[in-house]
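Listed here are the chains, written in short residue letters.
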Amino acid sequence: MGGPDTHDSSVERMTPVVRRLILLRHGQTEYNAASRMQGQLDTELSELGVAQAATAGAVLARRAPRLIISSDLTRARDTAVALADRCGLTVTTDIRLRETHLGDWQGMTHLEVDEAMPGARGQWRDDAHWRPPNGESRVDVAARSVPLVAELVEQLPDWGRGPDADTPVVLVAHGGAIAALTAGLLDLPVRNWPVFGGLANTSWVQLSGHGDTPVWRLDVWNASAEVADAGVQ
């Protein structure tokens, strides 16, 4: 007869693997407040953004994240640090989580883009293949960010298993990048990618990856600290 260790390992193998992944958008910047296109410009959090990051960090720390990875842009990294400081973790950065490069639009207000290229922002929202002049499309962003999650699945064999199965990996990034990464992980037809609405500052997305080779499902879109108790558990 097998001893307790044999039984325990057998039960663990039979337990479904479910990996929790949280994608957190950075706090507000002055560019956000002024409806100015940031893209990969390295902007800082506004005073409100710092407060938002602290509030979101306090709520998400209750989930006891196992790992926090951030875009290397300051606004995302500082948001990630606000969470990490509450969890006793350090933040690692990955350039693949950067926001969509907006090319010639970077630094322009929405109004300035509309005056220079009437109708272009609408086309950009409605077609994930469309690129701003000298910029990236959402499909481009997914192509660089989805492999990061695949690497994490390989590098974290106990993610989604054992007594800490529900502890999430948190990626801190940007609204456009999170939408693209979410659509890519869900393997949605590209024509359907525009179904995701805007993500508010320091709101987050939760996905669950089911199975050894994860099939990703969307649990939460645009959750916030104010509704966290109803949305992320």
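If you're wondering where the values come from, they're calculated on a predicted model, not measured in any experiment. (Residues numbered from 1 in each chain as written. Predicted model: local features only at pLDDT ≥ 70, side-chain atom pairs only at ≥ 80, totals over all residues. Heavy atoms only, no water.)

J.: Even after reading the chapter, I still don't get the overall build of the protein chain, so can you show me in this structure?
T.: Counting its secondary structure elements, the protein chain contains 9 helices and 6 strands. Evaluated residue by residue, the protein chain yields a buried proportion of 47% over its 233 residues. Summed over all atoms, the accessible surface of the protein chain reaches about 11200 Å², with 51% contributed by carbon and sulfur. Side chains of the protein chain carry 21 positive and 30 negative charges; the gap between the two charge centres is 3 Å. (Helix = DSSP H or I, 4+ residues; strand = E, 2+ residues; numbered from the N terminus. Buried < 20%, exposed > 50% of the residue type's maximum accessible area, 1.4 Å probe, protein only. Areas by Shrake-Rupley, 256 points an atom, 1.4 Å probe, with all protein chains shown as cover. Lys, Arg positive; Asp, Glu negative; His and termini not counted. Charge placed at Lys NZ, Arg CZ, Asp CG, Glu CD.)

J.: Would you take a moment to explain the packing of aromatic side chains for this structure?
T.: How two aromatic rings sit relative to each other is given by the distance of their centres and the angle of their planes. Under the definition given, this model contains 4 aromatic pairs. Each ring, one from W105 and one from W124, has its centre 5.6 Å from the other, and the planes form 90 degrees; the classification is edge-to-face. Note that W105 is positioned in the loop between β3 (92-93) and α5 (110-116) and W124 in helix α6 (residues 120-126), a separation of 19 residues in sequence. In this pair, the class of W105 matches that of W124, namely buried. Considering the side-chain rings of F196 and W221, the 4.6 Å spacing of their centres and the 25 degrees angle between planes classify their relative orientation as stacked. Here the residue F196 occupies a position in the loop between α8 (175-186) and β5 (204-210), and W221 occupies one in strand β6 (residues 215-223), the gap between them amounting to 25 residues. (Phe/Tyr/Trp six-rings, centres within 6.5 Å; stacked < 30°, edge-to-face > 60°.)

J.: Explanation requested: the confidence of the model for the protein chain in the structure shown.
T.: Do not read the predicted coordinates in detail wherever pLDDT is low. Of the residues in the protein chain, 91% reach a pLDDT of 70 or more, and the chain-wide mean stands at 92. Contacts from residues 1-7, a stretch scored under 50 in pLDDT, to residues over four places away or in other chains number 0 contacts. The low-confidence segment residues 229-233, where pLDDT is below 50, has 8 contacts with residues more than four positions distant or belonging to other chains. (pLDDT = per-residue confidence, 0-100. Contact = heavy atoms within 4.5 Å.)

J.: In this structure, what is going on with the side chain of S46? I would like to understand it.
T.: Summarising the element assignment, S46 is placed in the loop between α2 (30-33) and α3 (47-60). Relative accessible area serves as the criterion here: at 5%, S46 is assigned to the buried category. Of the polar contacts made by the side chain of S46, one reaches the side chain of Q28; its length is 2.7 Å. Ignoring sequence-local partners within four residues, the contact set of S46 consists of Q28, T29 and E30. (Polar contact = N/O pair within 3.5 Å; in protein donor to acceptor, adjacent residues only side chain to side chain.)

J.: Help me out: how do you make sense of the packing of α3 against helix α4 (residues 74-87) in this one?
T.: Helix-helix packing is characterised by the crossing angle of the two axes and by the distance between the axes. Relative orientation of the contacting elements α3 and α4 amounts to 40 degrees, with a least axis distance of 8 Å. The pairing of α3 with α4 is recorded here as oblique in orientation. Handedness of the α3/α4 crossing: right-handed. Along its contact with α3, which presents A53, A54, G57, A58 and L60, the element α4 presents T79, A82, L83 and R86. Looking at the contact of α3 with α4 residue by residue, the classes come out as 6 nonpolar, 2 polar and 1 charged. (Axes fitted to C-alpha atoms, helices over the stretch in contact; angles between N-to-C directions. Parallel < 35°, antiparallel > 145°, perpendicular 65-115°, else oblique. Left-handed = near helix turned anticlockwise from the far one by under 90°. Nonpolar A, V, L, I, M, F, W, Y, C, P; charged D, E, K, R; others polar.)

J.: Where do I start with α3 in this structure?
T.: Note that an α-helix has 3.6 residues per turn; residues three or four places apart therefore point the same way. Here α3 is 14 residues long and its end C-alpha atoms lie 20 Å apart, about the 20 Å a rise of 1.5 Å per residue gives. When we look at burial in α3, the residues that qualify are G49, Q52, A53, A56, G57, V59 and L60. The buried residues of α3 occupy an angular sector of 160 degrees when the element is viewed end-on, so they sit on one face. (Expected span 1.5 Å × (residues − 1). Arc of directions from axis to C-beta.)

J.: Mind showing me how you'd approach the packing of helix α7 (residues 138-155) against α8 here?
T.: At a minimum axis distance of 8 Å, the contact between α7 and α8 shows a crossing angle of 70 degrees. The orientation of α7 relative to α8 falls into the category roughly perpendicular. Regarding α7 and α8, the two cross each other, and that crossing is right-handed. Along its contact with α7, which presents R138, V141, A142, S145, V146 and V149, the element α8 presents A177, A180, L181, G184 and L185. Looking at the contact of α7 with α8, its residues break down into 8 nonpolar, 2 polar and 1 charged.

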